[in-house]
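# Residue-level structural notes
If you want the building blocks of each chain, they are given just below.
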Amino acid sequence: MSRRVGVVLVLLALACQARRPPEQAPSLPRPETPPPAPARQAPDLGGPAGAEVVRQDCLACHSEDLLRQQRLTDRQWAKSIDKMRGWGAPTEPGDLDALAAYLASTYAHDSGPFLPETLTAEEAAALFEPGPDGALALGDRERGLALYGDRCLPCHEADGRGGPQGVGLTGQRILDRAADFAETVRKGRGRMPGFPETTDAEAGDLLSYLRSLAR
Amino acid sequence: MARGPESVLSWVGQRLESEALAPHEVPAYSAVGLMRRREFLESAGLAVLGGLVGPRAWADASTGSPPRSLLVHSLRPENLATPVAWFDRLLTPTDVFFVRSHFGAPAVVREGRIRVEGLVRRPLDLGPSDLEALPQVKLTAVLQCAGNGRALIEPRVPGVQWLHGAMGQATWTGVRLRDLLERAGVTSEALHVGLRGADLPPKPSVPSFQRSIPLQRAMEETTLVALSMNGTPLPHAHGGPFRLVVPGWAGNHWMKWLSSVRPQVEEAQGFYMQTGYRLPKTPVTPGAAVPPESTLPLTTFPVKSVIARPAHGSRLPRGPQEIVGVAFSGEAPISRVEVSVDGGATWREAALSGEPGIGRWQIFRLAFDAPPGPVRAAARATDAKGSTQPEDASWNPSGYFWNAWHRVEWEVV
């Protein structure tokens, strides 16, 4: 997909990404909201292209609210980008200017106060509780291994801990959230392509295999 | 010149304390919008400020419990703050206790294990029943993130932008780390104890959260491997089944999802020990870059007090007023808390309740009568070593240990 998409599309994508299927609703009752409107006029360079880089390269590892609460100068944002690239953010050199301009204008040092969303105590507790396996229960580890080798291993690596192209899965909480897991496999996330043809049984096999990996 | 709203607000500080009132309780705030609130309030003036917020939030706080909610700093990883109104009591309920995680909680394990390995004569691999069979110790201690108050530091620094809510006090029950180390037979070469948790970074290129504490601190009576919090099994959100408890020391030492304890010669390596969670050895100019060799790992948190109520920006009826909050220090018990209701010009000693202790908070209260008009309150605590909360916090590159006077303002009508 071209990175030069309209701002509306990007915001829609962020909103859609944050939405969860109904059975997951209790765990994430307040979907992550799209970034606030720029506090000062974003240069053309930093607009939609920068937002798309954020979606693909930053949100694979952390949610957008982690960015939204920052109030940093251009120089601090540039340093933060360097740090994150050092930690494996896959942003290509050609996208760095757009990313820096987007972050520095959207979450500027002189933006107003950050107002956190609230969760009720019950909603917060639900964040940490495993969800039901549902149709993904009773997967077959061996079939999962074969599927993993075919579709997932190139990016998530043999030990499931991730690599330059993919995030780690071993021991990660998504393995406690079967519905979320199946949705991510089918729809993809960030740079990850979706595998829409994956059946519940296959997703269950994958889950069974991933849960068996040594942490 | 009459004191206008601008001077009042600038005295309070450039940022309003959004933790004082959760956004959903203050419809006018959300109507103002995410970015323009400060400008709106400044232009609208104090009368409007008083009218925007107040009676309802005050009623919540004065008639019992504040709303049972947490403030979301990030969902992935989970970083959730306790609303400041909860800091009016000795124990912070577990379900509104702040949550800090670097990589997010790991997948739940069926049965947690702790390995005691490294410079020991008898390596151990312990499960819950092994730990439950050892002598259990119960203590009350403050858990505070080193970055609590980062959002109040100028010039601003990156990191989770906590206001006051990355702290809480709980009872912790578990086994002494010393008992585990002695059973394993620590050898005489060991000087540090390496700590690892079960949470893994999102990819291998991200440094893992590995840390160490000096062996001397590990052997202290109060250093625990906790199995329970406020009397119930330690929840997954708080590092269950096992986490380290290091009273008086900042939360980065309180390893969650503890899986490995390793006596070793050297301090732990890696970003979170050699770059993060360090303070300049000597005070630095705000905004300065500080090379790692000029820093030391941070340990005990400095003396601090936080006002739970009245809520900042509230509007209260004339007559008796009461200021309530908590005071603590990681270095010594609290010896006194002083409160000012005139912006710091004069101070009165507040009444303390609760048991004093290192890294343990007490409640302070001050009652007074106020005529109509703005009240500009501030609190400053002093510990038994003589350290007093400063008017302005010292700046450091990562915004650790903010402990300036907590200033709260409300309008008496």
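Now for a quick tour of the structure. (Residues numbered from 1 in each chain as written. Chains lettered and ligands numbered in written order. Predicted model: local features only at pLDDT ≥ 70, side-chain atom pairs only at ≥ 80, totals over all residues. Heavy atoms only, no water.)

### Focus: the layout of surface pockets
Note the cut-off: For each structure, a 1 Å grid was placed over the protein atoms alone; sets of points admitting a 1.4 Å probe that cannot get out are labelled cavities, open sets with protein on both sides within 12 Å along at least five of seven lines are labelled pockets, and lining residues have an atom within 4 Å of a point. Grid points are joined across faces, edges and corners, and a volume is the space filled by probe spheres set on the points. Here a strand is any run of E in DSSP of at least two residues, a helix any run of H or I of at least four, and the numbering for each starts at the N terminus. Three categories are distinguished: nonpolar for Ala, Val, Leu, Ile, Met, Phe, Trp, Tyr, Cys and Pro, charged for Asp, Glu, Lys and Arg, and polar for the others, with Gly belonging to the last.
In this model, the second largest pocket occupies a volume close to 680 Å³. Around the second largest pocket, the lining is made up of 34 residues, and of these Arg215(A), Val109(B), Gly197(B), Ala198(B) and Ser259(B) lie nearest the centre. Only helix 9 (200–212) of chain A together with strand 7 (192–197) and strand 12 (258–264) of chain B provide two or more residues apiece to the lining of the second largest pocket. Here the lining of the second largest pocket gets 3 residues from one element, more than from any other, and that element is strand 12 of chain B. Among the residues forming the lining of the second largest pocket, the class breakdown is 15 nonpolar, 9 polar and 10 charged.

### Regarding the packing of aromatic side chains
Cut-off, in case you're wondering: Here a pair means two rings of Phe, Tyr or Trp (six-membered ring of Trp) with centres within 6.5 Å. Their orientation is stacked below 30 degrees between planes, edge-to-face above 60, and tilted elsewhere. For a ring to carry a charge above it, either NZ of a lysine or CZ of an arginine must fall within 6 Å of the ring centroid while also lying within 35 degrees of the normal to the ring plane.
Scanning all chains against the criterion turns up 19 aromatic pairs over all chains. With a centroid separation of 6.3 Å and an interplanar angle of 85 degrees, the aromatic rings of Tyr102(A) and Tyr107(A) are classed as edge-to-face. Measuring from ring centre to ring centre gives 5.5 Å for Phe301(B) and Phe328(B), while their planes differ by 80 degrees; the resulting arrangement is edge-to-face. Placement of Phe301(B) in the loop between strand 14 (295–297) and strand 15 (304–309) and of Phe328(B) in strand 17 (residues 319–328) is noted, with a sequence separation of 27 residues between them. One aromatic cluster is present, built from ring pairs that chain together Trp87(A), Phe103(B), Phe209(B), Phe271(B), Tyr272(B), Tyr277(B) and Tyr400(B). When the ring centre of Trp347(B) is taken as origin, the NZ or CZ atom of Arg380(B), which lies over that ring, is 4.0 Å away.

### Section: the environment of Ala288(B)
Residues and elements named next belong to chain B. Worth spelling out the cut-off: Here the term buried applies to any residue with accessible area under 20% of the maximum for its type, exposed to any over 50%, and partly exposed to those in between, with areas from a 1.4 Å probe on protein chains only. Contacts are assigned to residue pairs that have any heavy atoms within 4.5 Å of one another.
Tracing the chain through its elements places Ala288 in the loop between strand 13 (278–280) and strand 14. For Ala288, a relative accessible area of 25% gives the class partly exposed. Separated by 109 residues in the primary sequence, Ala288 and Pro397 place their C-alpha atoms 7.2 Å from one another. Residue contacts for Ala288: discarding those within four places in its chain leaves Trp395 and Pro397.

### Let's talk about the interface of chain B and chain A
The following threshold applies: When two parts are put together, the accessible area they lose, computed with a 1.4 Å probe and summed over both, is reported as buried area. Salt bridges are defined by distance alone: a side-chain nitrogen of Lys or Arg within 4 Å of a carboxyl oxygen of Asp or Glu.
The interface of chain B with chain A comprises 50 residues on the first partner and 53 residues on the second. Surface buried jointly by chain B and chain A totals about 4600 Å² across both partners, of which 58% is contributed by carbon and sulfur atoms. When the area that chain B buries against chain A is broken down by residue, the three leading residues are Leu75(B), Arg76(B) and Lys203(B), summing to 17%. Between chain B and chain A we count 1 salt bridge in total. One salt bridge in this structure joins Glu78(B) and Arg173(A), with 2.9 Å as the shortest N-O distance. Among the secondary structure elements, those contributing two or more residues to the side of chain B that touches chain A are helix 3 (37–44), strand 1 (69–74) and helix 9 (271–274) of chain B.

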